[in-house]
2 protein chains.
Amino acid sequence: MVGVLGGCGPASTPADPRAQILRLDGEWSQAAEARDADRVVSYWADDAVVYPPGSPPVAGKAAIREYVVKSFQTPGFGISWKTTDVKVSESGDLAYATGTNRVTFNNPDGTQGTLEGKAVTVWRRGRDGAWKCVVDIWNDVSPPPPRS
Amino acid sequence: MVGVLGGCGPASTPADPRAQILRLDGEWSQAAEARDADRVVSYWADDAVVYPPGSPPVAGKAAIREYVVKSFQTPGFGISWKTTDVKVSESGDLAYATGTNRVTFNNPDGTQGTLEGKAVTVWRRGRDGAWKCVVDIWNDVSPPPPRS
């Protein structure tokens, strides 16, 4: 819409969507490492759905905020991720990204556990030109250790 | 491209992409329930990546075929799914879908186990107009039972 209404000035030429999403995603992971719930939540769209392993879907920003705040309050919890690949639709309104993540947590015996994961996100470009994450899902790279 | 080259005949007016993907996805799950590996594999693009829980990514059709054949050979294994929501890019070349799935397996004690899951797929429309799945990821709705 900016292009149609605004001619060919800089505002009508958004940066490469792939680079934009990679930049946003890097900032987003940094916000998560800093445990900054407000900033973390800002990268999701209002109608986003998060699909955490071992939990029902978390739908909408209010529920997602609650999920994030609770996670950050969990002793030993930490998360970071790295998106490696982004593909954008021809119309530049939809994209998906894949990458890896790492979750840390406290084991019952007090030691720190780490789960290596793989992640898929879907991104939508809003009318304001801003990319937001609308779908967020991940799972573990390794099976759980055998029961003793 | 069909539209550009072929004028406004029926071939230039592809069916509603959302309905197309829902139909394909239903057929795909039926093929999986029938344990028909060739048909199941045909719904993925050649460069698709599958992200099964507890496993590294499975990238490309040859690896995916091997993964599917092995799964179908596992005694007690079964899978079915139901896609409930599809969103398509304005350009009609990219879409994502969300839904639920159910995996059955044999427990070590011989009883049948069932895992309820949630799934996200990304679909790409090829130059031939056919939609193929390019990304396929899922995880469990419930956490694993506590260790005894």
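To be clear, the structure that these remarks concern was listed above.
These notes cover the structure that comes with them. Counting restarts for each chain, with residues numbered from 1 along the sequence as it is written. Note on labels: chains are lettered from A, ligands numbered from 1, in written order. In keeping with the model being predicted, local features are shown solely for residues with a pLDDT of at least 70 and side-chain atom pairs are shown and tallied solely at 80 or more, while totals for entire chains, interfaces and linings include all residues.

**So, the overall build of chain A**
Our working definition: Under the scheme used here, helices are H or I runs from DSSP no shorter than 4 residues and strands are E runs no shorter than 2 residues, and both carry numbers assigned from the N terminus. By the convention adopted here, residues make contact when the C-beta atoms placed from their backbones lie within 7 Å.
Secondary structure summary: chain A contains four helices and six strands in total. Counting helices and strands in the order they occur from the N terminus, chain A gives α-α-α-β-β-α-β-β-β-β. Expressed as a percentage of contacts within chain A between residues at least 6 apart in sequence, the contacts between residues at least 24 apart total 46%.

**Regarding the nonpolar core**
Applied cut-off: Working definition: the nonpolar core is a set of buried Ala, Val, Leu, Ile, Met, Phe, Trp, Tyr and Cys residues, joined through C-beta atoms within 7 Å. Put plainly, a residue is buried at 20 or more neighbouring C-beta atoms within 10 Å of its own, exposed at 12 or fewer, and partly exposed in between, counting only other residues' C-beta atoms, which are placed from the backbone.
Among the nonpolar cores identified, the biggest contains 60 residues, and Ala95(A), Tyr96(A), Val120(A), Ala95(B), Tyr96(B) and Val120(B) are the most heavily contacted of them. Setting aside residues up to four positions removed in sequence, Ala95(A) forms contacts with Pro17(A), Ile21(A), Val86(A), Lys87(A), Val88(A), Ser89(A) and Trp123(A).

**So, the interface of chain B and chain A**
Interfaces are often sized by the amount of accessible area the parts lose when they come together. If you look at the interface, chain B gives 25 residues, while chain A gives 25 residues. Broken down by element, the residue count for the side of chain B that touches chain A peaks at four residues, all from strand E6 (residues 131–140) of chain B.

**Points about the relation of the copies chain B and chain A**
One copy of the chain maps onto the second through a rotation around an axis plus a translation along that axis. Inclusion rule: Least-squares fitting of one copy onto the other uses the C-alpha atoms of those residues that reach a pLDDT of at least 70 in both copies.
Mapping chain B onto chain A is achieved by rotating through 180° and translating by 0.0 Å along the same axis, at an RMSD of 0.0 Å. Expressed as a symmetry operation, the mapping of one chain copy onto the other fits a two-fold axis. Within chain B, Ser91(B) has its C-alpha nearest the rotation axis, a separation of 2.5 Å. Both copies contact each other with a shared surface, as 100% of the interface residues of chain B are interface residues in chain A too.

**A few points about the pairing of strand E1 (residues 44–51) of chain B**
All names here are of chain B. The condition is simple: Following DSSP output, two strands are said to pair if at least two bridges run between them.
Judged from the four bridges that link them, E1 and E6 form a sheet pairing that is parallel. Across the sheet, the residue bridging to Val 50 is Asp 136, located in E6. With two bridges joining them, E1 and strand E2 (residues 58–59) adopt antiparallel strand pairing. Following the sheet pairing, Val 50 is matched in E2 by Val 58. Linking E1 to E2, which pair antiparallel, is a turn of six residues; within it Gly 54 sits at a positive phi near 70°.

**Overview of the pairing of strand E6 (residues 131–140) of chain A**
All names here are of chain A. The element E6 is largely enclosed, with a buried count of seven among its 10 residues. By the bridge criterion, nine bridges tie strand E5 (residues 112–125) to E6 in an arrangement that is antiparallel. Counted as the bridge partner of Thr 121 is Asp 136 from E6. Counted between consecutive antiparallel strands, the loop separating E5 from E6 contains five residues, among which Gly 129 sits at a positive phi close to 85°.

Just distances and angles here, no functional claims.
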